[in-house]
Structures are given as structure tokens and as C-alpha cells.
There are 2 protein chains.
Amino acid sequence: MDGPAPNIPPLLPRALRVADTLRERMLDGALADGEKINEARLAAELGVSRTPLRTALHALAAEGLLDYAPNRGFTVRDFSAELIDEAFEIRAALEGLACRFAARHGLSPDARRAAEAALAEGEAVVETNRCGADELQRYRAANVAFHETILAAAGNRQLADTLRLVLNRPGPSLRRIVAFTPIDIRRRVDDHRRILEAISTGDPWRAELLMREHVSGIRGGAAKG
Amino acid sequence: MDGPAPNIPPLLPRALRVADTLRERMLDGALADGEKINEARLAAELGVSRTPLRTALHALAAEGLLDYAPNRGFTVRDFSAELIDEAFEIRAALEGLACRFAARHGLSPDARRAAEAALAEGEAVVETNRCGADELQRYRAANVAFHETILAAAGNRQLADTLRLVLNRPGPSLRRIVAFTPIDIRRRVDDHRRILEAISTGDPWRAELLMREHVSGIRGGAAKG
DNA sequence: TCCATCGCTATTGAATACAATCTTGCCTGC
DNA sequence: GCAGGCAAGATTGTATTCAATAGCGATGGA
């Protein structure tokens, strides 16, 4: 076969691509908060007809990223600063739950290996005692891998879906985490180790609590009570 | 003006009506788990064209009620028994969070009145010592009112949205709660009173814990964790 | 001057028509 | 008899067209 890439699905439907694009723009802030969406204009800009665009818009509204008023169209939802804090607490609660599930079920050998690897990578970054773009990139990847491994180990698709919706919101996106001093990273990696320990020793409630505190701490503060 | 009803919005868009209908059918089980959806057939059955139907389907997929595979269509997601337990734990975590937020902010006079009223109605039902269809209906209404009041008092729209998604899933829907012995109801109303107390005295963490236990208990069991 | 009403325009909602993709069964060749 | 591929039908994806609604300014009256 001389085809260039046999396993690329022929082409994702436009509606999905459009939805991804719009999500992207909201994360980038290219779509301002509260902005009203004009279907015809946006469709032209994206080079598609209104049909797939409308499909994407309704899906995003169902995800909670857009507001929709019948006969009045879509507006970009407002995600201002205090909303971000709230989103982090939701995320903390859900990830804590995932952690408890994972501890209850126990880790599969594969999952354990993946978690250990992510943890080791994080610790390796800490060992460098440096905090350049390269280290930051490595840490972020390891961090995402760790959290996703736990989420997968929870074995609860509904929870994964729910969490994904929260993470897709502009505020609490993992890629938005910016405050990275070496101390922060060290602290977080240490959190990860303790979380993994609690899961390994089969202590679901402790695992949940630790994960909850960990995620709350990412946003940068003690719990507010 | 002799118009019959001036404030009824002329008619909800078909897409929204169709989405509601389909949600309804999934809750009723009229759409079986894993069933593949044929757009043309379903559209004809509902008396609409494929356009609003597809809008509704994509929205439901975004909510997590349907599976969607590009170029292969939609299938009804499977919500079997063990998934319902998991959904209840998600619901417990989220409602617990709502409870904590409500306690942190404090209740507005209106919210307090509404919560007290719902609680009183529940207690009135308990006082009857009867458990017929009528009492059950009254209790259910009071129960929903109580939970919604707290959710509103939490003042966190993202949380409300997230919780709504979970509640809309076939399993944990509030209307599906069936085990209603007088003892169950008494217990739940008592839970409500304690929760309201914790909120009133400004004890966020206790409020959260109580609500979490309360919701977990609805599904009928001690936490498994 | 202010308010209500009418009608025009811009925008959204839905249906139909068409294109692309997948599925299925048959046929050919081995 | 079986594997592979090809073609026809079915199903999904997109564009275009038309209908319905909301927004808004003009116009006329009080």
C-alpha cells in the first residue's frame, strides 16, 4: 500500500472539528466572555455552512460552555476569576472521588506502572532543581499522565465524562496552571507520592482526602471553609 | 388584549422539545440500552425533520446520554445497575459541595424560608404516619424543593449545571427513588433538618459531610469506601 | 415630547436536496 | 469452498433554501 497514512480516519466530521476549534478559541480567550455569536458570520469565517456550526454550538451549549436562548442565539459564557475558584473546587471533589474509586478497586499492574512512571518523571524534574521551559513542559506532561492514570483506574466512565466537562471549561484547564516555582512543583510531586501510597495501601478515604487537598492547593490556597 | 395567554413563549424550538422527549424516553426505558438510533426512522416517528433531531442527538451526546461515533451514528448509553451506584456517589459528592457553598455564603431570607417550608412539608408527611400515593407525592415534591433550594443557595452555576447532567442520567434521577417505607422517609427528613441546621450555624464542612451521607444513604446503603 | 404600533430587516429555526461514507450481499477468482 | 473485492442500498454528513421569530426604527397620535 502506498497510501500515506492508512489509519487516519478519513476526516472527522466538520461539526466535531468546529467544536474543537471553538473550544480552543474559548480557552485562548479569542472568544470574549459574553460575546454574542452570529451564526452566518462565524460559519463563513470557519469555511463551513451553518448546519455543522449549529450542531457544534448546541453541543457546546449542552457542555455548558455557551448560553443558548431560543430564537435569540448563543453567547459565550462568562468565566471570570471567582468562577475559576469554584470550578477548582468542583474538580477537587470529582478527582477526590476518582481517587477513592481507584483505591477501592486497586490498581492494575499496567496502571501501577503508569502511575509510578509519571511520579518518577515528576521527581526527576524536581531533582534537576531547575525550572526552565523544558522542565516545566516535562512536569506538566507527567502531571497530566498521573491524573489521567488515576481517573482511568477509577473505572467510572460517568465520572470521567463529568470531570472532562469541568476540565474543558476555560478556567481550570490543566494547561492554564502557571504558578510554577520549584517549591510548588516539589510540593505537588510529594502530594502525588502520598496519593499513590494511599491508593496502594488500599485506603480509599485517605486517598480521596489527599487528592482533594492536592487539587485545591493547585489553585493556590488553603481551603476556604 | 384578547390573546389567550400573552406570556407563553410562542413555542419552544423543536430541537429542545425533541431532546426533552428523548430524555423522557430514556428515563422510562422506552429507549433500550445500547440501542442504535436510526435518524430517519426516529425523525418520522417524532414528526420532525432530521435537522432538529440531529441537533438534539448531538446535545444529548454532549450530555453523556448517548454515544456518538462519526459516520456511524448514535447509540443509547448503557446505564446498568452498578453504574447507578456510581452515579449516586457522584451526586453525593456534588451535592455535598453545594451544601458547603451554601453554608459558606449563608442562606438568604428567601432561601431560608423555602428550605424551612420544604422541611416542614416533609415533617408534615411524616406526621401523618401514612405512606400512600398521596403522601409519597407530597414528600417527593418537598424533597426536590429542599435539594433545589440548597443548590440555588450555593450560588454556583457551574456546579448546578454539572449536577443537572448527573441527575438527568437514567439511573439516579430523583423520580426513580422507590424505596419509601415510613422509616425511610422519617430518616431522610431528619437528615434534612440536620443539614439545614449545619448550614444555618455556618458549619460548611459538617454540612457537606451530612449531605454526602444523606445522598449516599438514599441509594440504600452504608458507604462502601 | 413621549408612547404605542406598524412594518422592515436581520437572524435564527426547520425542511429538503445532495454528497460522502459505511454496510451488506453477491460475484469472481483461486 | 473460501477469501477478496466490487457494487448497490442504506445511513450519515453537509449545503442550500425557505419559513418563522425577534429586534429596531419610523410613523402617527395623544
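Structure report, in brief. (Residues numbered from 1 in each chain as written. Chains lettered and ligands numbered in written order. Predicted model: local features only at pLDDT ≥ 70, side-chain atom pairs only at ≥ 80, totals over all residues. Heavy atoms only, no water.)

### Structural notes on the relation of the copies chain A and chain B
When chain A is brought onto chain B, the operation consists of a screw motion whose angular component is 180 degrees and whose axial shift is 0.0 Å, with 0.1 Å RMSD remaining. This pairing of chains is accounted for by a two-fold axis. For chain A, the residue whose C-alpha comes nearest the rotation axis is A:A59, separated from it by 2.3 Å. Take the interface residues of chain A: 100% of them recur as interface residues in chain B, which is what a same-surface contact looks like. (Least-squares fit on C-alpha atoms with pLDDT ≥ 70 in both. Contact = heavy atoms within 4.5 Å.)

### Topic: the environment of A:E89
Relative to the helices and strands, A:E89 resides in helix α4 (residues 81-105). Sequence spacing of A:E89 and A:R212 is 123 residues, and the spatial spacing of their C-alpha atoms is 8.3 Å. When neighbours within four sequence positions are excluded, A:E89 is seen to be in contact with B:L97, B:R100, B:F101 and B:R104. Reaching out from A:E89, the side chain makes a polar contact with the side chain of B:R100 at a distance of 3.0 Å. (Helix = DSSP H or I, 4+ residues; strand = E, 2+ residues; numbered from the N terminus. Polar contact = N/O pair within 3.5 Å; in protein donor to acceptor, adjacent residues only side chain to side chain.)

### Section: the pairing of strand β1 (residues 66-69) of chain A
Residue and element names in this part refer to chain A. Alignment of β1 against strand β2 (residues 73-76), held across four bridges, turns out to be antiparallel. Note on β2: the bridge partner recorded for L66 is V76. Counted between consecutive antiparallel strands, the loop separating β1 from β2 contains three residues, among which N71 sits at a positive phi close to 65 degrees. (Pairing = 2+ DSSP bridges.)

### A closer look at the interface of chain A and chain B
Listed by partner, the interface residues are 40 residues for chain A and 40 residues for chain B. Both sides together, the interface formed by chain A and chain B hides about 3800 Å², and carbon and sulfur atoms give 53% of it. At the boundary of chain A with chain B, the tally comes to 10 salt bridges. Among the salt bridges present, the one from B:E89 reaches A:R104, with a minimum N-O distance of 3.0 Å. Summed over the shared surface of chain A and chain B, the number is 18 residue pairs in polar contact (both at pLDDT 80 or more). Of all elements in the fold, only α3 (50-63), β1, α4, α7 (157-167) and α9 (204-218) of chain A reach the threshold of two or more residues within the side of chain A that touches chain B. Take the side of chain A that touches chain B: its biggest share by element is 11 residues, from α4(A). A class-by-class count of the residues in the side of chain A that touches chain B yields 20 nonpolar, seven polar and 13 charged. (Buried area = accessible area lost by both parts, 1.4 Å probe. Salt bridge = Lys/Arg side-chain N within 4 Å of Asp/Glu carboxyl O. Nonpolar A, V, L, I, M, F, W, Y, C, P; charged D, E, K, R; others polar.)

### Quick look at the protein's contact with DNA strand D
In the vicinity of DNA strand D, 19 residues are found, and the nearest of them are A:R14, A:S49, A:T51, B:R54 and B:Y68. Take A:R72: an N or O atom from its side chain is 3.1 Å from a phosphate oxygen of DNA strand D. Side-chain polar atom of B:R54 to a phosphate oxygen of DNA strand D: 2.5 Å apart, as the coordinates give it. Elements represented by at least two residues in the surface near DNA strand D include exactly α1 (14-28) and α3 of chain A together with α3 (50-63) of chain B. For the surface near DNA strand D, the class distribution of residues is eight nonpolar, five polar and six charged. (Near = heavy atom within 4 Å.)

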